[in-house]
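The chain contents come next:
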Amino acid sequence: MSRYSLFNLFRHGLSGHTGWKPAWRYPEPKPAYDAVIVGGGGHGLATAYYMAKLHGMRNIAVVEKGWIGGGNTGRNTTIVRSNYLWDESAQLYEKAMTLWEGLSQELNFNVMYSPRGVFNLGHTLQDMRDIERRVNANRLNGIDGEVVSREQLATMIPYLNLSPKARYPVLGASLQRRGGTARHDAVAWGYARGADALGVDIIQQCEVTGIGREDGAVTGIQTTRGFIRTPKVAVVAAGHSSVLAGMAGVRLPLESHPLQALVSEPMRPVLDSVVMSNAVHGYVSQSDKGELVIGAGIDGYNGYAQRGSFHTIEHCLAAIVELFPAFSRARMLRQWGGIVDVAPDACPIISKTPVRGLFINCGWGTGGFKATPGSGWVFAHTVAKDAPHPLNAPFDLGRFATGHLIDEHGAAAVAH
Ligand code: FAD
Ligand code: PYC
């Protein structure tokens, strides 16, 4: 900590913590904007930031029904990687990865991107063949990846159970060393502060309840704080995407599911990488505070509650304890859920819609946190220019009519 920040901390402490300059304003909605982004998660805020910064759109607003980052952005397990199978997704997630690498500097806000390495474990010969195929595909796309043997894992992840007698014995893994974690809410705060400084209005506690249309084009949004006129509405509402699109008569090929995570009590450093296993439905990393951050597969039913069923996390913890028997003595501190929007090919939809001026960015399912900077970057281009960027062109709605699906179930990491 610099002498200046220490001095400020001391000064604010003595003044009863008054007089802090808020990191962003709390403006009243204006009657009209050039564009409105619905959803103040990381993706919506990143979109606003890049629209203002790169496309000169300053008369814009982000409208959030709760508080920024209170959706999946603040509920995820913060895993960042770009090791997707198909060229289209690999390039999109790799764009995000390169933005992560400079994001703290770009925003002058520490997003705590930590490239500590992400392992995807293989438990069967078929898993290992899939891992080899994916690593080869990644490398052909210029993305770092390695196949790691069981023997190497013994030194790289000391507490991992490598017994051949395990129910799902570990045979090896893929490793992306540039993958890792980032601080989820800092990403929302950093983009919010940056967007606000460029003139973007961030309007919290403002729910969109309707989308106005005339002659097949958007006219504005109905909100709990009045009607806002705008020719462009960009919906980035994760688990509620279909609800919002439905307000404009657009039907999306999405299902909303609960996805749960939990953290243990803090403990000394025991795990310096991210370990994921699709086969046993569990993944784990250790936060800087020392908590084990653990996540499960999705709850199988559709729902809009930010909670899930007990048996799902029970199953997940059984898997984690099987992978790391030493963790059986850790007590769990808290558990929560988010609502994820899953598309049939486990890929996002970043697209114009049949309604002129209505854009959607959704379908990130269980894996959109890692994409946050890239998603905002391409969506800003799409909304500002009324046309997709080449990186997101393959992810348009049209693919569900033409059949050009990009099946990334194998790389999705969380089984669904
Ligand atoms: P959100 O952050 O959910 O933002 C959408 C916002 O829209 C919300 O704040 C919501 O309040 C707002 N909204 C909805 N309806 C309205 C309305 N009518 N009016 C106004 N505002 C509205 N991804 C990874 O890459 N790595 C991970 O490790 C990972 N782990 C996960 C673990 C869990 C438990 C969960 C739930 C998700 C995980 N994900 C992970 C997925 C990731 O969190 C999401 O894909 C990503 O955060 C989506 O960001 P977003 O900004 O689109 O959505
Ligand atoms: O997409 O990498 C991922 C992920 C990990 C946990 C949840 N999603």
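As a reminder, the structure under discussion sits directly above these lines.
Owing to the predicted nature of the structure, the values given are computational and were not obtained by experimental measurement.

## Re a nonpolar patch on the surface
Together, Leu6, Leu9 and Trp20 line one region of the surface with nonpolar side chains, adding up to about 310 Å² of accessible area. By the secondary structure assignment, Leu6 is in helix α1 (residues 3-14). When its relative accessible area of 46% is taken as the criterion, Leu6 is described as partly exposed.

## Thoughts on the nonpolar core
The biggest cluster of nonpolar side chains holds 49 residues, and the ones touching the most others in it are Trp100 and Tyr191. Excluding its chain neighbours within four sequence positions, the residues that come into contact with Trp100 are Val80, Val111, Tyr113, Ala182, Val187, Phe369, Lys370, Thr372 and Pro373.

## What about the site of ligand 2?
Taken together, Thr77, Ile79, Arg81, Met276, Tyr283, Thr366, Gly367, Lys370, Ala412 and Val414 form the complete shell of residues around ligand 2. One nitrogen or oxygen atom from the side chain of Arg81 is found 2.7 Å from an oxygen atom belonging to ligand 2. Note that a nitrogen atom of ligand 2 is positioned 2.7 Å from one of the backbone N or O atoms of Thr366. Protein contact buries 95% of the 250 Å² of open area that ligand 2 shows by itself. Each residue belonging to the shell around ligand 2 can be placed in one class, and the counts come to five nonpolar, three polar and two charged.

## Remarks on empty space enclosed by the protein
Within the structure shown, the criterion is met by three cavities of 30 Å³ or more. Of the pockets and cavities examined, the largest cavity occupies roughly 80 Å³. Partitioned by chemical class, the residues of the lining of the largest cavity number nine nonpolar, five polar and one charged. Lining the second largest cavity are His123, Asn161, Ala166, Tyr168, Val170, Val280, Glu322 and Leu323. A breakdown of the residues in the lining of the second largest cavity according to their chemical character gives five nonpolar, two polar and one charged.

## Comments concerning the packing of aromatic side chains
Think of a pair of aromatic rings as described by two things: how far the centres are apart, and how the planes are tilted against each other in angle. The full count for this structure, using the stated rule, is eight aromatic pairs. Geometrically, the ring pair formed by Tyr84 and Tyr93 is stacked, given 3.9 Å between the ring centres and 5° between the ring planes. As far as the burial class goes, Tyr84 and Tyr93 line up, both buried. Each member of the aromatic cluster is reached from another via a ring pair, and the members are Tyr49, Tyr50 and Tyr191.

The rules behind the values
Residues numbered from 1 in each chain as written. Chains lettered and ligands numbered in written order. Predicted model: local features only at pLDDT ≥ 70, side-chain atom pairs only at ≥ 80, totals over all residues. Heavy atoms only, no water. Patch = residues over 30% accessible without salt bridge, like charges linked within 9 Å, V, L, I, M, F, W, Y side chains within 5 Å. Areas by Shrake-Rupley, 256 points an atom, 1.4 Å probe, with all protein chains shown as cover. Salt bridge = Lys/Arg side-chain N within 4 Å of Asp/Glu carboxyl O. Helix = DSSP H or I, 4+ residues; strand = E, 2+ residues; numbered from the N terminus. Buried < 20%, exposed > 50% of the residue type's maximum accessible area, 1.4 Å probe, protein only. Core = buried A, V, L, I, M, F, W, Y, C linked by side-chain atoms within 4.5 Å. Contact = heavy atoms within 4.5 Å. Near = heavy atom within 4 Å. Polar contact = N/O pair within 3.5 Å; in protein donor to acceptor, adjacent residues only side chain to side chain. Nonpolar A, V, L, I, M, F, W, Y, C, P; charged D, E, K, R; others polar. 1 Å grid on protein atoms, 1.4 Å probe; cavity = no way out; pocket = protein on both sides within 12 Å on 5 of 7 lines; lining within 4 Å. Points joined across faces, edges and corners; volume = space filled by probe spheres on them. Phe/Tyr/Trp six-rings, centres within 6.5 Å; stacked < 30°, edge-to-face > 60°.

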